[in-house]
Amino acid sequence: MPLPKAELHLHVEGTLEPELAFELAARNGVKLPYADTDELREAYRFQDLQSFLNLYYELMAVLRTEQDFEDLANAYLARAAAQGVRHAEIFFDPQAHLSRGVEMGTVVEGLWRALGRSEEGHGISTRLILCFLRDESAESAMETLQAARPYLDRITGVGLDSAEVGHPPVKFREVYEAAAALGLRRVAHAGEEGPPQYITEALDVLGVERVDHGLRCMEDPELVARLVRERIPLTLCPLSNVRLRTVDTLADHPLPAMLDAGLLCTVNSDDPAYFGGYAGDNFDAVQRTLGLTEERLRELARNSFLAAFLDDDEERRQRYLAEVEAYTFP
Ligand SMILES: [Zn+2]
């Protein structure tokens, strides 16, 4: 039995495996520029962020109907359950769909068809987080938030993703203020490829409660001290960092130093179909390569539930935490 954990940094579009991409392409009459799943899997061996993003957006063309989004989410939930995920807070990128003529309702209701039955089907409780693409305009983000208003009973929070450098958090001040006024929780990618100041800005200007990635905080000791003092969770994605060359190799990952510094770190998979593994694979990789002790792994699992948006269900959080404490490593 794998260690129970929450996954807090997961882009549902990044869970599209080559087999499902071809299945959905056939169902929707979309022609993919790849002969078969082997050739597509080869394309998944991209070398940098831009080639990843090109492929990521290209493949989204196969996602058209509610059924497609339901199948995508169910495929993720099944894999996550097998790796010990008990609670998943799932990002989605509506702008990447709206721009292709797929409506907000199709995306949200399709995902919800899977998420609403996830507890019975997969034993995973879920939350849904709407992400803005930071390389799109602030106006587009605001329009996206407005388009989501009929579906806010399905959406827990907002996030900020895609290419970071040159798109500082401050650009999205107004849309985050509007999201807060609607009662939405706030997170943002910051300090992955962007500088530590982006993390500070995400906290001070956007009011985020969690920082996605955030590993470049290690360049700024005062920021580290603040993150420790304020117990701000960081959602790290080690295998993603290696594939996108944020770190040279997994052995160079700052996770052990971050834990030693007292940071509230969690381990997540980001875009698992593209980056070589799901949540449990990330745990296995850091255990193997970084030599994390069982107590460190248990701390990471505990942190994931402490950092989860379960404030409306504390009883459940306590139950998950008890599962972590009771866990015996094989
Ligand atoms: Zn991400």
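Residues numbered from 1 in each chain as written. Predicted model: local features only at pLDDT ≥ 70, side-chain atom pairs only at ≥ 80, totals over all residues. Heavy atoms only, no water.

As recorded by an unreviewed UniProt entry, the chain carries the name Adenine deaminase and is attributed to Streptomyces mexicanus. In the Catalytic activity (unreviewed entry) part of its UniProt record, the chain is described as follows: "adenine + H2O + H(+) = hypoxanthine + NH4(+)". The UniProt entry for the chain carries this comment under Function (unreviewed entry): "Catalyzes the hydrolytic deamination of adenine to hypoxanthine. Plays an important role in the purine salvage pathway and in nitrogen catabolism." (UniProt positions renumbered as here; feature names shortened; annotations may be inferred.)

Colleague: What is the right way to look at the overall build of the chain in this model?
Modeller: If you tally the helices and strands in the chain, you get 17 helices and eight strands. Against the 2.2 N^0.38 benchmark of 20 Å for 330 residues, the chain shows a C-alpha radius of gyration of 19 Å, consistent with a compact globule. Each principal axis of the C-alpha atoms in the chain carries an extent, and together these give about 50 × 45 × 40 Å. Considering only contacts in the chain between residues 6 or more positions apart, those separated by 24 or more positions represent 75%. Distance between charge centroids for the chain: 3 Å, based on 33 positive and 57 negative side chains. (Helix = DSSP H or I, 4+ residues; strand = E, 2+ residues; numbered from the N terminus. Rg over C-alpha atoms; globule rule 2.2 N^0.38 Å. Contact = heavy atoms within 4.5 Å. Lys, Arg positive; Asp, Glu negative; His and termini not counted. Charge placed at Lys NZ, Arg CZ, Asp CG, Glu CD.)

Colleague: Hey, could you run me through the packing of helix 4 (residues 66-82) against helix 6 (residues 104-115) in this one?
Modeller: Relative orientation and spacing of two packed helices are given, respectively, by the angle between their axes and the distance between those axes. Across the interface, helix 4 lies against helix 6 with an axial gap of 7 Å and an inter-helix angle of 40 degrees. The pairing of helix 4 with helix 6 is recorded here as oblique in orientation. Both helix 4 and helix 6 take part in a crossing whose hand is right-handed. Contacts between helix 4 and helix 6 involve Glu66, Gln67, Phe69, Glu70, Ala73, Asn74 and Leu77 on the former and, on the latter, Gly105, Thr106, Val107, Glu109, Gly110, Leu111, Arg113, Ala114 and Leu115. By residue class, the composition of the contact of helix 4 with helix 6 is seven nonpolar, five polar and four charged. (Axes fitted to C-alpha atoms, helices over the stretch in contact; angles between N-to-C directions. Parallel < 35°, antiparallel > 145°, perpendicular 65-115°, else oblique. Left-handed = near helix turned anticlockwise from the far one by under 90°. Nonpolar A, V, L, I, M, F, W, Y, C, P; charged D, E, K, R; others polar.)

Colleague: Teacher, can you tell me more about the environment of Asp68 here?
Modeller: Position of Asp68 relative to the elements: it lies in helix 4. Sequence spacing of Asp68 and Val242 is 174 residues, and the spatial spacing of their C-alpha atoms is 30 Å.

Colleague: Hey, could you run me through helix 8 (residues 138-148) in this one?
Modeller: Residue pairs spaced three or four apart in an α-helix point in one direction, given the helix's 3.6 residues per turn. Three or more residues of helix 8 are buried, namely Ser140, Ala141, Thr144, Leu145 and Ala148. Summarising the axial view, the buried residues of helix 8 lie within an arc of 140 degrees, below the 170-degree limit, and thus occupy one face. Helix 8 presents Glu139 and Glu143 as exposed residues on the side facing more than 90 degrees away from its buried surface. Structurally, helix 8 contributes buried residues whose contacts are with helix 5 (94-98), helix 6, strand 3 (125-133), strand 4 (157-161) and helix 9 (173-181). (Buried < 20%, exposed > 50% of the residue type's maximum accessible area, 1.4 Å probe, protein only. Arc of directions from axis to C-beta.)

Colleague: Which parts of the structure should I look at to understand the nonpolar core?
Modeller: The nonpolar side chains of a soluble globular protein tend to be buried, and buried together. Counting 104 residues, the largest nonpolar core has Phe92, Tyr176, Leu255 and Tyr274 as its most contacted members. With sequence-adjacent residues up to four places away left out, Tyr274 is seen in contact with Glu13, Gly14, Leu16, Tyr44, Phe46, Phe52, Leu55, Tyr56, Leu59 and Arg243. Phe91, Ile129, Cys131 and Val187 belong to the second-largest nonpolar core, a separate cluster that totals five residues. (Core = buried A, V, L, I, M, F, W, Y, C linked by side-chain atoms within 4.5 Å.)

Colleague: Honestly, the pairing of strand 2 (residues 85-92) in this entry has me stumped. Any pointers?
Modeller: As a general feature of sheets, a regular strand has side chains that alternate between the two faces. With seven of eight residues buried, strand 2 is to be regarded as a mostly interior element. Here strand 1 (residues 5-11) pairs with strand 2 via five bridges, running parallel. Bridge pairing in strand 2 links Ala6 to His87. Pairing of strand 2 with strand 3 involves six bridges; the strand directions are parallel. Counterpart to Phe91 in the pairing with strand 3 is Ile129. (Pairing = 2+ DSSP bridges.)

Colleague: Explain the sheet that holds strand 2 here, please?
Modeller: Strand pairing within a sheet occurs via backbone hydrogen bonds; the two strands may be parallel or antiparallel. The strand order across the open sheet formed by eight strands is 1-2-3-4-5-6-7-8, and the pairing between neighbours is parallel. Where the open sheet ends on each side, the last strands, each with one partner, are strand 1 and strand 8 (264-267). On average, each strand axis in the sheet is tilted by 25 degrees relative to the strand beside it, whichever way the strands run. Bridge count for strand 4 against strand 5 (residues 185-190) is two bridges, and the pairing is parallel.

Colleague: How should I be thinking about the packing of aromatic side chains in this particular structure?
Modeller: Each pair of aromatic rings is reported with the distance of its centres and the angle of its planes. Tallied over the entire structure, the rule returns twelve aromatic pairs. Consider the rings of Phe46 and Phe275, whose centres lie 6.1 Å apart with planes at 75 degrees: the pair is edge-to-face. Pair noted here: Phe46 is in the loop between helix 2 (37-43) and helix 3 (49-59) and Phe275 is in helix 14 (residues 272-275), with a separation of 229 residues, a long-range link. By the burial criterion, Phe46 is buried, and Phe275 matches it. Members of the aromatic cluster, each reached through a chain of ring pairs, are Tyr44, Phe46, Phe52, Tyr56, Tyr57, Tyr274 and Phe275. Geometry around Phe283 places Lys5 over its ring, the cationic atom sitting 4.9 Å from the centre. (Phe/Tyr/Trp six-rings, centres within 6.5 Å; stacked < 30°, edge-to-face > 60°. Lys NZ or Arg CZ within 6 Å of the ring centre and 35° of its normal.)

Colleague: Any chance you could explain the coordination of the zinc ion here in plain terms?
Modeller: Four donors placed tetrahedrally about a metal ideally form angles of 109.5 degrees, and six donors placed octahedrally ideally form angles of 90 or 180 degrees. Coordination of the zinc ion by the protein comes from His9 (NE2), His11 (NE2), His189 (NE2) and Asp270 (OD), over a distance range of 2.1 to 2.2 Å. The coordination sphere of the zinc ion comprises four donor atoms, whose angles at the metal cover 82 to 171 degrees; the geometry is irregular. On the primary sequence, the residues serving as donors to the zinc ion are separated as H-x1-H-x177-H-x80-D. A residue pair is termed long-range when its members are at least 10 positions apart, and His9 in strand 1 and His189 in strand 5 qualify at 180 residues. (Donors = N, O, S within 2.8 Å, 3.2 Å for Na, K, Ca; no water. Tetrahedral: all angles 85-135°; square planar, octahedral: opposite > 155°, others 65-115°.)

Colleague: Can you walk me through the UniProt feature "active site" (unreviewed entry) in the chain in this structure?
Modeller: Under the feature "active site" (unreviewed entry), the UniProt entry names Glu192. Here Glu192 lies in the loop between strand 5 and helix 10 (196-204). Relative accessible area serves as the criterion here: at 11%, Glu192 is assigned to the buried category. Discounting residues that sit within four places of it in the chain, Glu192 has contacts with Glu164, His213, Gly214, Leu215, Arg216, Ser240, Leu244 and Thr246.

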